[in-house]
Amino acid sequence: MPLTFTLDPAVTPALRDGILELWTDVSNAGGSVGFVAPVSRDEIRPELVRHLAQMAEGRTRLLVGRDEAGRVAATAFLTRNTHRLMTHWVWLYTVMVHPRHQGRGHGRDLLAAAEDAARGLDGIEAIRLTCRGGHGLERFYASCGYKEVGRVPDAIRVAPGDDRDEIVMLLPLA
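Here the residue numbers are simple positions, counted from 1 along each chain's written sequence. It should be noted that, the model being predicted, local features are given only for residues of pLDDT at least 70 and side-chain atom pairs only at 80 or more, the latter also being counted only at that level, while totals for whole chains, interfaces and linings use all residues. Working from all heavy atoms in the structure, the side-chain values ignore hydrogens and water.

(A) Examining the nonpolar core more closely. Membership of the largest hydrophobic core comes to 26 residues, with the highest contact counts inside it found for Leu 92, Ile 127 and Tyr 146. For the purposes of this entry, the term helix denotes a DSSP run of H or I that reaches at least four residues, the term strand denotes a run of E that reaches at least two, and both are numbered from the N terminus. Elements supplying a minimum of two residues to this core: strand E3 (72-80), strand E4 (89-97), helix H3 (106-119), strand E5 (126-132) and strand E7 (162-172). If you tally residues by element for this core, the top one is H3, at 6 residues. Residues count as neighbours in contact if any of their non-hydrogen atoms are within 4.5 Å of one another. In this structure, Ile 127 is in contact with Val 90, Leu 92, Ala 114, Glu 115, Ala 118, Tyr 146, Met 169, Leu 170, Leu 171 and Leu 173, ignoring residues within four places of it in sequence. In plain words, nonpolar cores are sets of buried Ala, Val, Leu, Ile, Met, Phe, Trp, Tyr and Cys residues tied together by side-chain atoms within 4.5 Å. Burial classes follow relative accessibility: with a 1.4 Å probe on protein chains only, a residue under 20% of its type's maximum area counts as buried, one over 50% as exposed, and anything between as partly exposed. Among the nonpolar cores identified, the runner-up in size contains 18 residues, and Leu 15, Leu 22, Leu 52 and Val 64 belong to it.

Pasting the structure below:
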């Protein structure tokens, strides 16, 4: 079944807890979303609070995908660039699909919904994101229309002796 996507849903305790569960499960399944397994909800909670604070300030927008049972199954955060010379593109952060929903095309659906959301923002001409090397994520994003525009070797230290490239991807909206 397809996911149902909502931009800027009301942030309720249930939504907050659903995002926290998603983020924890994705991280513990090996997902590249800012943490390294094993990780607990308590470790992720402060980062989620930062995202929610940015939403309250109007700098970040939340895109949520829900499954047929109404559970949070996917998320992405679109953040406006605060540099006055770069306000024509947005960052896409914390792109996640729950492991139980992976392999069904929901990642592509999430990126398409994020693209639609970005196109609806005044003055936005592109989406930028970064991903961690070593997982083939750049191939997935490329298959969705993103182009690799930069790479910082060994920028992400997953563990001592395990450094990964930070890969910058861009999706022009024009």
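(B) Broad picture of the pattern of salt bridges. The term salt bridge refers to a side-chain nitrogen of Lys or Arg lying within 4 Å of a carboxyl oxygen of Asp or Glu. For the structure shown, the criterion picks out 13 salt bridges. Across the salt bridge formed by Glu 57 and Arg 59, the nearest N and O atoms sit 2.9 Å from each other. Ionic pairing is found between Glu 138 and Arg 151, a salt bridge with its closest N-O pair at 3.7 Å. Here Glu 138 is found in helix H4 (residues 137-143), whereas its partner Arg 151 is found in strand E6 (residues 147-159), with 13 residues between them in sequence. On the basis of relative accessibility, which here comes to 15%, the residue Glu 138 falls in the buried class. Three or more residues are tied together by salt bridges with common partners; here these are Glu 138, Glu 148, Arg 151 and Asp 165.

(C) Representation of the pairing of E7 within the structure. Think of it this way: DSSP has to see at least two bridges between two strands before they count as a pair. Taken together, the 7 bridges between E5 and E7 define a ladder with antiparallel strand orientation. Opposite Arg 128, over in E7, you have Leu 170 as the bridge partner. In sequence, E6 turns back onto E7 through a hairpin of 2 residues, with Gly 161 there showing a positive phi of about 80°.

(D) Summary view of the sheet that holds strand E1 (residues 4-7). The 7 strands are arranged E1-E2-E3-E4-E5-E7-E6 in an open sheet whose pairing can be described as mixed. A strand with exactly one partner marks an edge of an open sheet, and here the two such strands are E1 and E6. Neighbour-to-neighbour, the strand axes of this sheet turn through a mean angle of 25°, independent of strand direction. Both E3 and E4 contribute to a ladder of 6 bridges, which runs antiparallel. Among the inter-strand pairings, Leu 78 is bridged to a residue of E4, identified as Leu 92. Whenever a helix is involved, its axis is fitted only over the stretch in contact; in every case the axis is a line through C-alpha atoms, and angles between N-to-C directions fall within 0 to 180 degrees. Strand contacts of H3: E1, strand E2 (60-66), E3, E4, E5 and E7, with the helix running at about 155° to E4, the strand carrying the most contacts.

(E) Region of the structure containing the layout of surface pockets. Grid points spaced at 1 Å over the protein atoms alone were grouped into cavities, where a 1.4 Å probe fits but cannot get out, and pockets, open sets with protein on both sides within 12 Å along at least five of seven lines, with lining residues defined by an atom within 4 Å of a point. Grid points are joined across faces, edges and corners, and a volume is the space filled by probe spheres set on the points. Approximately 1,000 Å³ is the volume found for the largest pocket. Residue lining of the largest pocket: 45 residues in total, with Ser 32, Val 33, Val 95, Leu 137 and Tyr 141 positioned closest to the centre. Per-element accounting of the lining of the largest pocket gives the leading share, 7 residues, to E4. Basically, the charged four are Asp, Glu, Lys and Arg, the nonpolar ten are Ala, Val, Leu, Ile, Met, Phe, Trp, Tyr, Cys and Pro, and anything else, Gly included, counts as polar. Partitioned by chemical class, the residues of the lining of the largest pocket number 19 nonpolar, 19 polar and 7 charged.

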